[in-house]
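# A structural walkthrough
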Amino acid sequence: MKLALLSDIHSNIQAFDACVADARARGATQFAFIGDYVGYGANPSEVVDRIMAMVNDGAVAIIGNHDAIACNPPAAPSDVLGEMTAAWTYDQLSAEQRKFLIECPRTHVDGNVLLVHATADAPERWHYVRDERSAADSLNAAVKISDEIRYVFGGHVHRQTLYYQGQGRGLMAFAPTAGAAIPVSAHRRWIATIGSVGQPRDGRTDAMYALFDREKAQLTFARVPYDYGSAADAIRAAGLPEFFADRLLRGQ
C-alpha cells in the first residue's frame, strides 16, 4: 500500500492537482493531508472541496495552524504573515467547509504511523521541527502516545527532511534526494517533514510531497513541476498581497 502525504497546500490548486495526479501515477492507493490547506493562495474553497471529497473516499485529514486561524480570524487587521489572509480566506469558505476544517483532528494514528502538522509534543502550539533536538522531542512524544509508532510524518516547515534514530538515542538528519526511494525499516524510528505542496521555500518552485510504501518500508520525497505562474496570477487577481505571488516565483 502506498500512502501519499501532502501538507501545506496553502490554497494553491494548481500545485495540489499536480501532486495528486503525480501520486496516483506512482501508484498511491491512500492519501493523507497533513494540514494548512488554506492561507496565502487564491483558491481556498476549491482546495478544501477536493480534500473533503477525498476524505469521503477514505483519505485522512488533520488540521494545520492556517486552517485553524481561517476559521477564527483575528478581529483586527494584522501584519503577521500567517494572519494576513485569514479574514479573506474565511469569507471564501462556506460554513460547511469551515466546519470540516475545524473538526479535523490535530493528530492521527494509523498502526505504526503518526500524522501531525507541527510537533507531537505540543501539536496545539504549532512548534517547528527544525533540527535534531525538536525532531527528537516530537518523536519521543509520539512514542508516549503508542510504543508501536515507528514513523512520524509532519509538515509546517515547508522543507523536506528525514530524521532517524541511530545506534544511540540521538537523532540524525538526512537530506533526501527527490525521487529516490529511501529504506525506512521499522526496526528504527523515523520522523519526516514532507515539505509544502503549495509554497516550497528552498529556492525551487517545484511542489513537494512524499510517498510512503508501507509494504516495502520505503519513503520517497517527490518534487513536481506545476504552473506556478498561473497560481501567482490568481493571487494578484484576487487582490491578495503581491508578496505571496512573488514568493511562488522564487520558491521562497
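The paragraphs below set out a description of the structure included in this document. The shown structure was predicted, so the numbers you read here are calculated from the model rather than taken from an experiment. (Residues numbered from 1 in each chain as written. Predicted model: local features only at pLDDT ≥ 70, side-chain atom pairs only at ≥ 80, totals over all residues. Heavy atoms only, no water.)

### Considerations on the overall build of the protein
Put simply, the rule is: We count a stretch as a helix when DSSP gives it H or I for four or more residues in a row; a strand needs E for two or more, and each element gets its number in order from the N terminus. The atom set for the radius of gyration is the C-alpha atoms, and the globule formula is 2.2 Å times the number of residues raised to the power 0.38. Any residue under 20% of the maximum accessible area for its type is buried, any over 50% is exposed, and the rest in between are partly exposed; the area is computed with a 1.4 Å probe on protein chains only. This count recognises Lys and Arg as positive and Asp and Glu as negative, with His and chain-terminal groups excluded. Each charge is placed at NZ for Lys, CZ for Arg, CG for Asp and CD for Glu.
From N to C terminus, the protein includes eight helices and twelve strands. Against the compact-globule benchmark of 18 Å for 252 residues, the protein has a radius of gyration of 17 Å, which places it among compact chains. Each principal axis of the C-alpha atoms in the protein carries an extent, and together these give about 50 × 35 × 35 Å. Each of the 252 residues in the protein was classed as buried or not, and the buried ones make up 55%. In the protein, 24 positive and 29 negative side-chain charges are present, and the distance between their average locations comes to 6 Å.

### Points about the packing of aromatic side chains
Convention followed: Think of it this way: a Phe, Tyr or Trp ring, Trp meaning its six-membered ring, pairs with another when their centres are within 6.5 Å, and the plane angle makes it stacked under 30 degrees, edge-to-face over 60, tilted otherwise.
The tally for this structure, following the rule as stated, stands at nine aromatic pairs. Ring geometry for Phe16 versus Phe33: centroids 5.9 Å apart, planes at 35°, classification tilted. You can see Phe16 sitting in helix H1 (residues 13-25) and its partner Phe33 sitting in strand S2 (residues 30-34), a full 17 residues away along the chain. Overall, Phe16 belongs to the buried group, its relative accessible area being 2%. Taking the centre distance of 4.9 Å and the plane angle of 45° together, the rings of Tyr40 and Phe244 count as tilted. One end of the pair, Tyr40, is in the loop between S2 and helix H2 (44-56); the other, Phe244, is in helix H8 (residues 242-250), with 204 residues separating them in the sequence.

### As for a negative patch on the surface
Going by this rule: Patch membership requires over 30% relative accessible area and the absence of a salt bridge. Like charges are linked within 9 Å, and nonpolar side chains (Val, Leu, Ile, Met, Phe, Trp, Tyr) within 5 Å. Reported accessibility uses the Shrake-Rupley method at a 1.4 Å probe radius. Residues are deemed covered only where the shown protein chains occlude them. Criterion for a salt bridge: a side-chain nitrogen of Lys or Arg within 4 Å of a carboxyl oxygen of Asp or Glu.
The grouping of Asp121, Glu124, Asp131, Glu132 and Asp137 at the surface amounts to a negative patch. With respect to the element layout, Glu132 can be found in helix H6 (residues 132-145). A residue is classified by how much of its surface remains accessible, and Glu132, at 36% relative accessible area, is partly exposed.

### Focus: the pairing of S2
Note the threshold: Strand pairing is assigned whenever DSSP identifies at least 2 bridges connecting the two strands.
Burial analysis of S2 places five of its five residues in the buried class, which makes it a mostly covered element. Side-chain alternation along S2 places Gln30, Ala32 and Ile34 on one buried face and Phe31 and Phe33 on a second face that is also buried. Bridge analysis of strand S1 (residues 2-6) against S2 gives four bridges, and the strand direction is parallel. When the bridges of S2 are listed, Ala4 appears paired with Phe31.

### What about the nonpolar core?
Soluble, globular proteins show a tendency: their nonpolar side chains are buried together. This is how the line gets drawn: By nonpolar core is meant a set of buried Ala, Val, Leu, Ile, Met, Phe, Trp, Tyr and Cys residues that side-chain atoms within 4.5 Å join together. Only heavy atoms enter the contact rule, under which two residues are in contact if any of them lie within 4.5 Å.
The biggest cluster of nonpolar side chains holds 47 residues, and the ones touching the most others in it are Leu6, Phe16, Phe31, Phe33, Tyr37, Ile51 and Tyr209. Once you skip the residues sitting within four places of it in the chain, Phe31 turns out to touch Leu3, Ala4, Leu6, Val20, Ala23, Arg24, Met54, Ala59 and Val60. Counting 22 residues, the second-largest nonpolar core is a separate cluster that includes Phe153, Leu162, Ile194 and Leu219.

### Examining the packing of H2 against helix H5 (residues 95-102)
Operational definition: Axis definition: a line fitted to C-alpha atoms, over the contacting stretch in the case of helices. Angles run 0 to 180 degrees between N-to-C directions. Small angles under 35 degrees read as roughly parallel and large ones over 145 as roughly antiparallel, with 65 to 115 read as roughly perpendicular and the rest as oblique. Each crossing is labelled by how the near helix is turned from the far one, with a counterclockwise turn of less than a right angle marking it left-handed and a clockwise turn marking it right-handed. Asp, Glu, Lys and Arg are counted as charged, while Ala, Val, Leu, Ile, Met, Phe, Trp, Tyr, Cys and Pro are counted as nonpolar; the rest, among them Gly, fall into the polar class.
H5 packs onto H2 with a crossing angle of 60° between their chain directions and a minimal axis gap of 10 Å. The orientation of H2 relative to H5 falls into the category oblique. Viewed along their axes, H2 and H5 form a crossing whose handedness is left-handed. Contact residues: Ser45, Val48, Asp49, Ile51, Met52 and Val55 in H2; Glu96, Gln97, Phe100 and Leu101 in H5. Class assignment for the residues of the contact of H2 with H5 results in six nonpolar, two polar and two charged.

### Some remarks on the environment of Ser94
Note that Ser94 resides in the loop between helix H4 (86-92) and H5. Separated by 45 residues in the primary sequence, Ser94 and Asp49 have C-alpha atoms spaced 10.0 Å apart.

### Examining H1
Put simply, the rule reads: Each residue after the first adds 1.5 Å to the expected span of a helix.
In this model H1 runs 18 Å from its N-terminal to its C-terminal C-alpha over 13 residues, within 8% of the 18 Å that 1.5 Å per residue would give. If you check which residues of H1 are buried, you get Ile13, Ala15, Phe16, Ala18, Cys19, Val20 and Ala23.

### Focus on the pattern of salt bridges
Close approach of charged atoms allows side chains with opposite charge to pair. All chains considered together, the criterion is met by ten salt bridges. A salt bridge links Asp17 to Arg50; the nearest nitrogen and oxygen atoms lie 2.8 Å apart. Taken together, the residues Asp17 in helix H1 and Arg50 in helix H2 connect sequence positions 33 residues apart. A relative accessible area of 33% places Asp17 in the partly exposed class. Among the residues examined, Arg50 registers a relative accessible area of 33% and is labelled partly exposed. Arg204 is paired through a salt bridge with Asp206; the nearest N and O atoms lie 3.2 Å apart. Accessibility expressed as a relative area gives 38% for Arg204, which makes it partly exposed. Three or more residues joined by partner-sharing salt bridges are found here, namely Asp233, Arg236 and Glu242.

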